[in-house]
Amino acid sequence: MKIATFNINGIKARIEALPRWLEAAKPDVVCLQEIKSVDEAFPREVLEDLGYRVETHGQKSFNGVAILSRLPLEDVTRGLPGDDTDEQARWIEATVIGEKAVRVCGLYLPNGNPAPGPKYDYKLAWMARMETRVRALLAEEMPVIFLGDYNVIPQAMDAAKPQAWVEDALYLPQSRAAFRRILNLGLTEVIRARNPAPGLYTFWDYQAGAWERNNGIRIDHLLASPQAADLVQDCGIDKDTRAGDKPSDHVPVWMTLDA
DNA sequence: ATGGTCGCAAGGCGA
């Protein structure tokens, strides 16, 4: 089972680049972030024609997540528990039925800038809610993965220019500590666990020639429960998509599971 | 220090 995360930065703008990548990479399951579309306007047919079922959790103009799957899905749920007043579409879950069942949580963690301020408070509160949800799922002792745009640079080695981020919500000590608290519940950060070297990035800003200068950051992550980590076969970052026509500013991150 | 680029959607916000 090949599972990927891809912040597409607008489904309407990526309606050619996304199928191009799907046909080349052939993932079984994809968690999308920043679809920037209400569910009714999501162009599902072009993806269904490629063999994917499409489950969206969108809103107008901003945020929005989705799961594409060539395998059967069960128990699709939308929204991160813990705050009934939260109207931002950033969380979707489904159980993928492969040879084994895997619970998949697709997430778009708040950016949090500017910090300090209400947006940063929302980010930290959201991460606390995520921690609660992770605890609940870990207690079920089944394979669970949490993949998406975390908007967290975990370590200095995850940025080409870490000094440029020291006052940014993606790299502030509180953000990194909250990410570590989630990891320390017992999750494996799959890309880093298998790649000890720096220089791996998943996002390059559209501005200031960031891609041409390889001024990137690694903020899209794959986290696996112990039972899911046991199944990991391979993982990677599809950096080449950033050089394609009309690219997203993020690239896909994927893993294969014996499931 | 500033401006630099996109997407959505139709002006400015978010990233």
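Right, let's walk through the structure included here. What you see is a predicted model, and the numbers here were worked out from it, not measured in a lab.

1. So, the overall build of chain A
A tally of regular secondary structure across chain A gives 6 helices and 14 strands. Taking 18 Å as the expected radius of gyration for a compact globule of 259 residues, we find that chain A reaches 17 Å, a close match to that expectation. Out of the 259 residues in chain A, the part that is buried amounts to 54%. The contacts of chain A with a sequence gap of at least 6 include a subset with a gap of at least 24, amounting to 68%.

2. Considerations on the packing of helix α3 (residues 118-138) against helix α4 (residues 173-183)
Their axes nearest at 9 Å, the elements α3 and α4 cross at an angle of 5°. The angle between α3 and α4 places the two elements in the roughly parallel class. In this structure, α3 uses Tyr120, Lys123, Leu124, Met127, Met130, Glu131 and Val134 to contact α4, whose residues at the interface are Gln174, Ser175, Ala178, Phe179, Arg181 and Ile182. Class assignment of the residues belonging to the contact of α3 with α4 gives a composition of 8 nonpolar, 2 polar and 3 charged.

3. A few points about the side chain of asparagine 63
Assignment of secondary structure puts asparagine 63 in the loop between β3 (53-57) and β4 (65-69). On the basis of relative accessibility, which here comes to 9%, the residue asparagine 63 falls in the buried class. In this structure the side chain of asparagine 63 is engaged in a polar contact, spanning 3.2 Å, whose partner is the side chain of arginine 90. If we skip the residues at most four places from it in the chain, asparagine 63 touches Glu34, Ile35, Lys36, Gln88, Ala89, Arg90 and Tyr108.

4. Side note on the sheet that holds strand β8 (residues 144-149)
If you trace the 6 strands from one edge of the open sheet to the other, you get β5-β6-β7-β8-β12-β9, paired in mixed fashion. Of all the strands in the sheet, the pair left with one neighbour each is β5 (73-78) and β9 (188-189). The strands that α4 touches are β9 and β12 (220-224); relative to β12, the one it contacts most, it runs at about 25°.

5. A look at the nonpolar core
Residues Ile3, Val104, Ile145, Met255 and Leu257 are the most contacted members of the largest nonpolar core, which totals 27 residues. The residues contacting leucine 257, other than those within four sequence positions of it, are Met1, Ile3, Val102, Ala228, Leu231, Val232 and Gln233.

Conventions used here
- Residues numbered from 1 in each chain as written.
- Chains lettered and ligands numbered in written order.
- Predicted model: local features only at pLDDT ≥ 70, side-chain atom pairs only at ≥ 80, totals over all residues.
- Heavy atoms only, no water.
- Helix = DSSP H or I, 4+ residues; strand = E, 2+ residues; numbered from the N terminus.
- Rg over C-alpha atoms; globule rule 2.2 N^0.38 Å.
- Buried < 20%, exposed > 50% of the residue type's maximum accessible area, 1.4 Å probe, protein only.
- Contact = heavy atoms within 4.5 Å.
- Axes fitted to C-alpha atoms, helices over the stretch in contact; angles between N-to-C directions.
- Parallel < 35°, antiparallel > 145°, perpendicular 65-115°, else oblique.
- Nonpolar A, V, L, I, M, F, W, Y, C, P; charged D, E, K, R; others polar.
- Polar contact = N/O pair within 3.5 Å; in protein donor to acceptor, adjacent residues only side chain to side chain.
- Pairing = 2+ DSSP bridges.
- Core = buried A, V, L, I, M, F, W, Y, C linked by side-chain atoms within 4.5 Å.

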